[in-house]
Amino acid sequence: MTKQHLPLPLEGIRVLDFTQVMMGPCATQMLADFGADVIKIERPGEGDLSRNFFGEPSEEAMNNAVFASLNRNKRSVEINTKSDAGRRMIYDLVAQSDVVVDNFRAGVMRRLGFDYDTLSGINPGIICASGTGFGETGPYAHKGGQDVLAQAMTGVMEKTQDPAVPRSIYPTTLCDYTAGMHLVQGILAALLARARTGRGQKVGVSLYDSMIAMQMQEAAQWSRHREVLNWAAMPLTGVFDTTDGAVVVVGAFKPHPLRDICAALGIEDLSPAYPNLAAQRANKPYLQGRFRDAFATNTTAHWIERLEEQDLLCAPVRSLGEALADAQTAANGMLVDVDHPILGRITLVGSPVHLSEAPLVVRHAPPRLGQHTDEVIREFGLSAIARKEAV
């Protein structure tokens, strides 16, 4: 017997999505995966900046894999938001919507006439959620926000595993994704509040705040002791080359981790000579040199087996391709195949949130630019003449 699932949790919620690139689109895609009707407002002929990520525009380039990865389950509408007709069309859409989301620089929505004060005058229940680089007030509010800048300005980039290792850019969009998920949390909280009060509100998230919040442990340690807490620099933690790859070891959360690492590596027990964290920190170069020499003598699989026999936290260092092909990725349902009208069948990362009664369903492939403009105009009862003037 086929299991009957509940309606998707955000079914009936309508979201006007002004976002582009990463932080905003990853947030609105999660809302869409939860069942919201997400209407992506795009610039005529250009659309989301991610559509032009690969240079010269073409039908395939404007529907590239990067754009597709962030925009399933959405509908695309082309509207010139700087024209009077386009502005009127947005106001008509707002009157029949629940949430407006943007990730423009602070002040842009006000200049467009789409700030919370204006939109709440049209629809008192509207929730306006903004993701900025640094916040909407303060000395950096005017500054363009970007993932790498947030890494640099919040202390994330300054820390390395070892002082000899040059500072570098974290190669995955850590700040964008974190802030995007905070944006989702804020929107969901505002929807719950509106269910009690009937009133909407403004939700604000920034890349800067999300990265400060991510370092809550480090910040507390610094504030209390003026001590830098760097988890990657712990003396019994590191990445070590093997004969065919590399392993990462976290020597923590055990009574005698140094003793157990030595047992796994088949070397003499160094814990009597270095019995506590202070001694291990002071002698980290020596300890890690011993570890490095041992790991270099055998394969990754060999060392993972030996480390796990000692119940040590360890893992092989793998490529993204290897991770995507892993049986655990399949078991978790983290890949979904989608039929796209331009790209054909594509594989996208699924939702990391698994609801037993509302599993992920791909209702809409990532949309072509303006694919749903006429459809939305009909649904909202908007004028076809207005559509001609607004696009």
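Calculation notes
Residues numbered from 1 in each chain as written. Predicted model: local features only at pLDDT ≥ 70, side-chain atom pairs only at ≥ 80, totals over all residues. Heavy atoms only, no water. Buried < 20%, exposed > 50% of the residue type's maximum accessible area, 1.4 Å probe, protein only. Helix = DSSP H or I, 4+ residues; strand = E, 2+ residues; numbered from the N terminus. Pairing = 2+ DSSP bridges. Phe/Tyr/Trp six-rings, centres within 6.5 Å; stacked < 30°, edge-to-face > 60°. Core = buried A, V, L, I, M, F, W, Y, C linked by side-chain atoms within 4.5 Å. Contact = heavy atoms within 4.5 Å. 1 Å grid on protein atoms, 1.4 Å probe; cavity = no way out; pocket = protein on both sides within 12 Å on 5 of 7 lines; lining within 4 Å. Points joined across faces, edges and corners; volume = space filled by probe spheres on them. Axes fitted to C-alpha atoms, helices over the stretch in contact; angles between N-to-C directions.

(A) Structural context of the pairing of strand β3 (residues 74-78). Burial runs high along β3: five of the five residues are buried. Neither face of β3 is left uncovered, since the one carrying K74, S76 and E78 and the one carrying R75 and V77 both have all their residues buried. Bridge count between strand β2 (residues 37-42) and β3: five bridges; the pairing is parallel. Bridging from a neighbouring strand, K40 pairs with S76 of β3.

(B) Broad picture of the packing of aromatic side chains. Under the criterion given, the structure shown has nine aromatic pairs. With 5.9 Å between their ring centres and 85 degrees between their planes, Y91 and F114 make a pair best called edge-to-face. Of this pair, Y91 sits in helix α3 (residues 84-94) while F114 sits in the loop between α4 (108-112) and α5 (116-122); the two residues are 23 residues apart in sequence, bridging distant segments of the chain. By relative accessible area, Y91 is classed as partly exposed at 21%. Relative accessible area serves as the criterion here: at 2%, F114 is assigned to the buried category. What links up through ring pairs into an aromatic cluster is the set F240, F291, F295 and W303.

(C) Geometry of the nonpolar core. Counting 31 residues, the largest nonpolar core has V15, V99, L183 and I187 as its most contacted members. At the level of secondary structure, the elements contributing two or more residues to this core comprise α1 (23-33), β4 (99-102), β5 (127-132), α7 (174-197), β6 (202-206) and α8 (207-214). In terms of residue count, α7 provides more of this core than any other element does, eight residues in total. Aside from chain neighbours lying at most four places away, what touches V15 is L31, A36, D37, V38, I39, V99 and V101. Core analysis: the second largest hydrophobic core is formed by 24 residues, I90, L93, Y116 and L119 among them.

(D) Representation of empty space enclosed by the protein in the model. One pass over the full model with this rule turns up one cavity of 30 Å³ or more. Put simply, the largest cavity is a space of about 60 Å³. If you trace the largest cavity, you find it lined by D33, F34, S351, V353, H354, L355, A358, P359 and L360.

(E) Main features of the sheet that holds strand β7 (residues 237-241). Across the sheet, three strands lie side by side as β7-β8-β9; this open sheet has antiparallel pairing. Every other strand in the sheet has two partners, leaving β7 and β9 (313-316) as the edge strands with one partner each. When strand polarity is set aside, the average angle formed by the axes of neighbouring strands in this sheet is 15 degrees. In terms of strand pairing, β7 meets strand β8 (residues 246-250) through five bridges, oriented antiparallel. Across the sheet, the residue bridging to F240 is V247, located in β8. Contacts from helix α13 (residues 300-309) reach β8 and β9, with the element oriented near 165 degrees to β9.

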